[in-house]
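# Structural features, examined
Here's the letter readout for the chains.
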Amino acid sequence: MIRRVSATLLLLLAAGAAAAAPAKSVTLIGRNDLRFSKDHITAAPGQKITVKLVNKSHLPASAMSHNWVLLKPGADAGAIDAAAQSAVDNDYIPASKSDRIIAHTGMVAGGESATVTFMAPEKPGDYEYICTFPGHFTAGMKGVLTVAPEG
Ligand SMILES: [Cu+2]
């Protein structure tokens with residue numbers, strides 16, 4: 001009887017160890033110098049992650065808005081950004097490239113913020129994120145989400 005209880009306990013402990021990491025939240029500020037405040041963020045495989053993009057700019061929306069677009073591995077960021085320029089009515093998210101995008105926020109004007117919640121990819125690796133507001137990616141507004149097991 002005691003042995004059976006111990007075996008059950010061990011199974012429960014093993015299940016707990018394999019559970020996904022707790023959800024995490026990251027706040028990024030989109031800046032007037034065309035950079036995200038963090039050009040590198042991390043997540044565990046399959047971790048639920050909420051990215052909040054904040055724009056503190058006092059410039060008009062037409063001059064200084066930002067979004068946050070996370071790309072699939074191997075996606076051509078330059079091609080996606082180029083396609084985005086004709087997707088003005090869709091917050092600069094090109095429908096033709098939606099299969100290359102993991103997650104994205106809407107376009108955020110000065111004084112606004114937006115969040116997106118998604119599951120980090122299960123596959124460890126580096127995933128590029130960009131802003132597709134005109135001129136921002138080409139000026140260097142990008143970063144990397146690294147997915148790696150914790151510990
Ligand atoms: Cu931007």
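Residues numbered from 1 in each chain as written. Predicted model: local features only at pLDDT ≥ 70, side-chain atom pairs only at ≥ 80, totals over all residues. Heavy atoms only, no water.

A tally of regular secondary structure across the protein gives two helices and eight strands. For the protein, the N- to C-terminal ordering of α and β elements is α-β-β-β-β-α-β-β-β-β. Counting across all 151 residues of the protein, residues that qualify as buried make up 40%. Residue pairs at least 24 apart in sequence account for 72% of intrachain contacts in the protein once pairs closer than 6 positions are excluded. Put simply, the protein shows about 8,300 Å² of open surface, and 57% of that area lies on carbon and sulfur atoms. (Helix = DSSP H or I, 4+ residues; strand = E, 2+ residues; numbered from the N terminus. Buried < 20%, exposed > 50% of the residue type's maximum accessible area, 1.4 Å probe, protein only. Contact = heavy atoms within 4.5 Å. Areas by Shrake-Rupley, 256 points an atom, 1.4 Å probe, with all protein chains shown as cover.)

Attention now moves to the nonpolar core. Counting residues in each nonpolar core, the largest one holds 26 residues, and the members touching the most others are Leu28 and Trp68. Within the second largest apolar cluster, nine residues are counted, among which are Val69, Leu71, Ala77 and Ile93. (Core = buried A, V, L, I, M, F, W, Y, C linked by side-chain atoms within 4.5 Å.)

These figures capture arrangement, not role.
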